[in-house]
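Notes for the structure review
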Amino acid sequence: MDTELVIVSYRRSDILAASLENIRRLYPDLPICLGLQGGEAADLAGRMESEFQVRTVCLEAPSVTETLNRCILSSTADLVLLLDDDAIPCVGWFEGHRTAFVADPDLAYSCGREVRLNKGRSVSSEALRIAVETLLRLVVPRHAVIKGRIVGWFTSFGVLLGNLDQPGTCLINAPRGCNMGIRTHLFRELGGFSTAFRGNAWGFEPEYGIRLARRGMLGRYLGDAVVLHSEAKSGGTRHQSGRDWFADFLHNHRVLMTTVGRQGWFGAIPRLFAKWLGTYRVS
């Protein structure tokens, strides 16, 4: 099964170069496509192609989903893996994704384990999450649960449950693009990611998963395909900063709800309120 890695990046050349150095140590021959955004993309492309033996796709206007679409749709590989530009794969990452697709010819996508290095949870926050998940297990399928934790699931009324840092495996309908595998022929059939998402592009991965779920296709979470995600605060189209970031966050919820349905706003309100507090209390 031919495989290509896709990484999109915007104004984070040093972070991108450091990540590529680590990836090349583990996988020196893995084909890589870089989706570079911004006015300096063309100049950066030459450096990256020479230094890391990659192909590049350049867009002057930044757009996470448009850049991903161009990279994936131009790929000749059967399987495309996605990584954030500040995510470092661990030993066995590539093999974990590939094995899952070989074992299940009908698998639409995979989502690997994401160890978030800069975001922890307080005891009270984790206790609240567990309490909510205990209630939601009454309506969430058993195949979305690992040892009592609901993983990678978006409910019909808008509650998004991640927990993408668990050992084990299960079926999911809400992937995260930081560490994801995509079967390219299905991606083409669905028309790719929605380009209506803008800025931080929040929600584009669940929206893709929901469209597939409505065709009877789920993804698989892979606890053995691990990346370390530093979630760098500087640069990037998804960088969080004040009013513009929150406006994009709200806009992207509207886009997601056109697929989910109006009832999805029920679960979105607490999430929007929490982000509003986080944005404006520090601004």
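Quick summary incoming for the structure in this document. Residue positions within a chain follow its written sequence, with the count starting from 1. Per-residue local features of the predicted model are confined to residues with pLDDT of at least 70, and side-chain atom pairs are confined, for both listing and counting, to 80 or more; whole-chain, interface and lining totals are unaffected and use all residues. Heavy atoms from the whole structure form the basis of all side-chain values; hydrogens and water molecules are not counted.

1. Considering the pairing of strand β3 (residues 55-59)
Rule in force here: Criterion used throughout: strands pair if DSSP finds at least two bridges between them. Put simply, DSSP marks the helices as runs of H or I at least four residues long and the strands as runs of E at least two long, and each gets a number from the N terminus on. Here a crossover is taken to be right-handed if, once the strands point away from the viewer, the path from the first strand over the helix to the second is traced clockwise.
With five bridges connecting them, strand β2 (residues 32-37) and β3 associate as parallel partners. By the bridge assignment, Gly35 is partnered in β3 with Val57. Where the polypeptide runs from β2 across helix α2 (residues 41-52) and back to β3, its parallel neighbour, the crossover connection is right-handed.

2. What about helix α3 (residues 64-73)?
For an α-helix, 3.6 residues make a turn, and residues three or four places apart therefore share a direction. Short version of the rule: We call a residue buried when its accessible area falls under 20% of the maximum for its residue type, exposed when it is over 50%, and partly exposed in between, using a 1.4 Å probe and counting protein chains only.
Here α3 lies mainly inside the structure; seven of its 10 residues are buried. Buried within α3 are the following residues: Val64, Thr65, Thr67, Leu68, Asn69, Cys71 and Ile72.

3. Observations regarding the side chain of Gln37
When you line up the elements, Gln37 lands in strand β2. Exposure remark for Gln37: the relative accessible area of 3% places this residue in the buried category.

4. Quick look at the environment of Ala45
The criterion, for reference: Every residue pair with non-hydrogen atoms within 4.5 Å of one another is taken to be in contact.
With respect to the helices and strands, Ala45 occurs in helix α2. Setting aside residues up to four positions removed in sequence, Ala45 forms contacts with Leu36, Thr56 and Cys58.

5. Quick look at the pattern of salt bridges
Side-chain pairs of opposite charge can arise whenever the charged atoms involved come near each other. Filter applied, for reference: We define a salt bridge as a contact between a side-chain nitrogen of Lys or Arg and a carboxyl oxygen of Asp or Glu at a distance within 4 Å.
For the structure on display, the rule yields 14 salt bridges. When the shortest N-O distance is used, the salt bridge between Arg215 and Glu189 registers 3.2 Å. Placement of Arg215 in the loop between α7 (204-213) and β13 (219-229) and of Glu189 in helix α6 (residues 184-190) is noted, with a sequence separation of 26 residues between them. Residue Arg215 is classed as partly exposed on the basis of its relative accessible area, which comes to 44%. A salt bridge links Glu207 to Arg211, with the shortest nitrogen-to-oxygen separation between them at 3.0 Å. Within this pair, Glu207 and its partner Arg211 are both found in helix α7, separated by four residues, close to a single helical turn. The exposure class of Glu207 is buried, given its relative accessible area of 5%.

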